[in-house]
Amino acid sequence: MRTELCDRFGIEYPIFVFTPSEKVAAAVTRAGGLGVLGCVRFNDADDLENVLQWMDANTDGKPYGVDIVMPAKIPTEGTSVDINKLVPQTHRDFVAKTLADLGVPPLPEDEAKSEGVLGWLHSVARSHVEVALKHPIKLIANALGSPPKDVIDQVHEAGVPVAALAGSPKHALRHAENGVDIVVAQGHEAGGHTGEIGSMVLWPEIVDALDGKVPVLAAGGIGTGRQVAAALALGAQGVWMGSAFLTSAEYDLGVRLESGQSVIQEAMLKATSADTVRRRIYTGKPARLLKSRWTEAWDADGAPEPLPMPLQNILVSEAHQRMSESTDPTAVAMPVGQIVGTMNEIRPVADIIAELVSGFEDASKRLDGIRGN
């Protein structure tokens, strides 16, 4: 499973894994892939600096990357206090009533309440870039398309390539024209922010549209080695994964239950591939989430329309915090792809990577066996 990107990045396998957990990112890198740490949860640049120092010390000198969120259209800027004033009271009342109806307990009195993720803002995302470039990162990816040209130039001057996610050939071509080095072709099945076109259609469309100018990573619905083989067969130079590592043993975000798993992991372990929905209720942009009583409440008659980014995230941030610290897996809010139906056990990252490789090898042998001489 070796492509040109392996040589470019100095990795053993062309497996790029986005994750909000530094523990998972470091484990992916140590296992031969390229861990990509999601930065959006860091409102404070000092917090990101501390985590990247940890990454430097725990990746055995192997390469890793970071992922920022920089929307193409500049959203409302300001501090959390300023932006909070733009959230309608009717929406606040709906969230409060929904949490009460779901039986989600309040936070402990001594626990700080989340004010929302300001990482959606251009100003904060730019600070993430500044901090990241002080470390030996090997990739900066943007989850919402091409960063501004000056940011691309800044990253390139530091000798770091830029990746951008695309949900259509048109978006992919625009990224290439803007100077992006790698396009992540993300199909409809993916978790989090995702587009309308399914992976099996999208991947070869983007590969053909770019015509070798820019390498393509395939994303959306990948959780097995067979699917990695399919992605490479369709012209991708590697895969971009995320959801499949949310049930890894190293994933440490969220309060643990007596089982040793977080309430979110408990919910995912019980889910099928049909148990996701694509809604604007997480950030204000369409994102695929785990179906739950929380998502159903937003679908009910009388529910308000989601607010634009970043107001929606600020509105629901404390609710997300409360649900992640509760013990009810039926009332959670978590981005995850349709591959959740195969995420049935907690496994170490190294085991997941090893199974991806062996599954790829088995699929390749199977194809060799049916190919005419």
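Treat the numbers as computed from the prediction; the structure is a model and nothing was measured.

Engineer: Could you give an account of the overall build of the protein, with specific residues and numbers?
Structural biologist: Along the backbone of the protein there are 14 helices and 11 strands. Against the 2.2 N^0.38 benchmark of 21 Å for 373 residues, the protein shows a C-alpha radius of gyration of 20 Å, consistent with a compact globule. Seen through its principal axes, the protein has C-alpha atoms that stretch 65 × 45 × 40 Å. Counting over 373 residues, the protein shows a buried share of 55%. In the protein, the proportion of contacts linking residues at least 24 apart, taken out of those at least 6 apart, comes to 67%. Just so you have it, the protein exposes about 15800 Å², and 50% of that area is on carbon and sulfur atoms. The average position of the 33 basic charges and that of the 48 acidic charges among the side chains of the protein differ by 4 Å.

Engineer: Outline the packing of helix α3 (residues 45–57) against helix α6 (residues 122–132), supporting the account with residue identities and numerical values.
Structural biologist: For the pair α3 and α6, the least separation of the axes is 10 Å and the interaxial angle reads 35 degrees. Here the hand of the crossing between α3 and α6 comes out right-handed. Packed against α3, whose contacting residues are Ala-45, Leu-48, Glu-49 and Leu-52, the element α6 presents Ser-127, His-128, Val-131 and Ala-132 at the interface. Each residue belonging to the contact of α3 with α6 can be placed in one class, and the counts come to 5 nonpolar, 2 polar and 1 charged.

Engineer: Tell me about the packing of aromatic side chains, residues and numbers included.
Structural biologist: The final tally for this structure, using the stated rule, is 3 aromatic pairs. Consider the rings of Phe-9 and Phe-16, whose centres lie 5.4 Å apart with planes at 85 degrees: the pair is edge-to-face. When the ring of Phe-94 is compared with that of Trp-298, the centres are 4.8 Å apart and the planes differ by 70 degrees; the resulting orientation is edge-to-face. Here the residue Phe-94 occupies a position in helix α5 (residues 89–102), and Trp-298 occupies one in helix α12 (residues 293–299), the gap between them amounting to 204 residues. For Phe-94, a relative accessible area of 16% gives the class buried. When its relative accessible area of 6% is taken as the criterion, Trp-298 is described as buried. Ring pairing ties together the aromatic residues Phe-94, Trp-294 and Trp-298, which thus form one cluster.

Engineer: Please provide a residue-by-residue account of the sheet that holds strand β2 (residues 34–38), values included.
Structural biologist: The strand order β1-β2-β3-β4-β5-β6-β8-β9 describes a closed barrel built from 8 strands, whose pairing is parallel. Each strand axis lies, on average, 25 degrees off the axis of its neighbour in the sheet, ignoring direction. For β2 and strand β3 (residues 64–68), the ladder comprises 4 bridges, and the chain directions are parallel. The partner of Val-36 across the bridge, within β3, is Gly-65.

Engineer: Summarise the pattern of salt bridges; cite the residues concerned and give the values.
Structural biologist: Using the criterion set out here, one finds 12 salt bridges in the structure. The partner of Arg-126 in a salt bridge is Asp-150, and the shortest N-O contact between them spans 2.8 Å. A residue pair is termed long-range when its members are at least 10 positions apart, and Arg-126 in helix α6 and Asp-150 in helix α7 (residues 149–157) qualify at 24 residues. What makes Asp-150 partly exposed here is its relative accessible area of 43%.

Engineer: Residue-level account of the side chain of Ser-262, with values.
Structural biologist: Mapped onto the secondary structure, Ser-262 falls in the loop between β9 (238–241) and α11 (263–269). A residue is classified by how much of its surface remains accessible, and Ser-262, at 2% relative accessible area, is buried. A distance of 3.1 Å separates the side chain of Ser-262 from the backbone nitrogen of Gln-265, its partner in a polar contact. Ignoring anything within four residues of it in the chain, the contact list for Ser-262 reads Leu-253, Gly-254, Val-255, Arg-256 and Leu-257.

Engineer: Talk me through unusual backbone geometry; I want residue IDs and the actual numbers.
Structural biologist: Comment: phi is negative for the bulk of residues other than glycine, and the bulk of peptide bonds are trans. The phi torsion at Asp-60 lies on the positive side, around 55 degrees, for a residue other than glycine. Within the secondary structure, Asp-60 sits in the loop between α3 and β3. A positive phi is found at Asp-211, a non-glycine position, where the angle reads about 50 degrees. The topology assignment puts Asp-211 in the loop between α9 (199–210) and β8 (216–219).

Engineer: Account for the domain arrangement of the protein, with residues named and values stated.
Structural biologist: Along its sequence, the protein is organised into domain 1 (4–74 + 121–248 + 343–371) and domain 2 (80–116 + 253–325). Taking only C-alpha atoms into account, the centre of domain 1 sits 26 Å from that of domain 2. Counting residues at the interface gives 23 residues for domain 1 and 15 residues for domain 2. When domain 1 packs against domain 2, close to 1500 Å² is buried across both sides, 59% of that on carbon and sulfur atoms. Where domain 1 touches domain 2, the interface holds 1 salt bridge. Here Arg-278 makes a salt bridge to Glu-196, at a shortest N to O gap of 3.1 Å. At the boundary of domain 1 and domain 2, one finds 8 residue pairs in polar contact (both at pLDDT 80 or more).

Engineer: Could you give an account of the nonpolar core, naming the residues involved and the relevant values?
Structural biologist: Formed by 50 residues in total, the largest nonpolar core has its most connected members in Ile-15, Ile-206, Met-241 and Phe-245. Each of domain 1 (4–74 + 121–248 + 343–371) and domain 2 (80–116 + 253–325) accounts for three or more of the residues forming this core. If we skip the residues at most four places from it in the chain, Ile-206 touches Ala-166, Ser-168, Pro-169, Ala-172, Val-183, Ala-185 and Val-216. Formed by 26 residues, the second largest nonpolar core is a distinct cluster that contains Leu-37, Val-131, Val-151 and Ala-164.

What counts and what doesn't
Residues numbered from 1 in each chain as written. Predicted model: local features only at pLDDT ≥ 70, side-chain atom pairs only at ≥ 80, totals over all residues. Heavy atoms only, no water. Helix = DSSP H or I, 4+ residues; strand = E, 2+ residues; numbered from the N terminus. Rg over C-alpha atoms; globule rule 2.2 N^0.38 Å. Buried < 20%, exposed > 50% of the residue type's maximum accessible area, 1.4 Å probe, protein only. Contact = heavy atoms within 4.5 Å. Areas by Shrake-Rupley, 256 points an atom, 1.4 Å probe, with all protein chains shown as cover. Lys, Arg positive; Asp, Glu negative; His and termini not counted. Charge placed at Lys NZ, Arg CZ, Asp CG, Glu CD. Axes fitted to C-alpha atoms, helices over the stretch in contact; angles between N-to-C directions. Left-handed = near helix turned anticlockwise from the far one by under 90°. Nonpolar A, V, L, I, M, F, W, Y, C, P; charged D, E, K, R; others polar. Phe/Tyr/Trp six-rings, centres within 6.5 Å; stacked < 30°, edge-to-face > 60°. Pairing = 2+ DSSP bridges. Salt bridge = Lys/Arg side-chain N within 4 Å of Asp/Glu carboxyl O. Polar contact = N/O pair within 3.5 Å; in protein donor to acceptor, adjacent residues only side chain to side chain. Domains from an automatic or database assignment. Buried area = accessible area lost by both parts, 1.4 Å probe. Core = buried A, V, L, I, M, F, W, Y, C linked by side-chain atoms within 4.5 Å.

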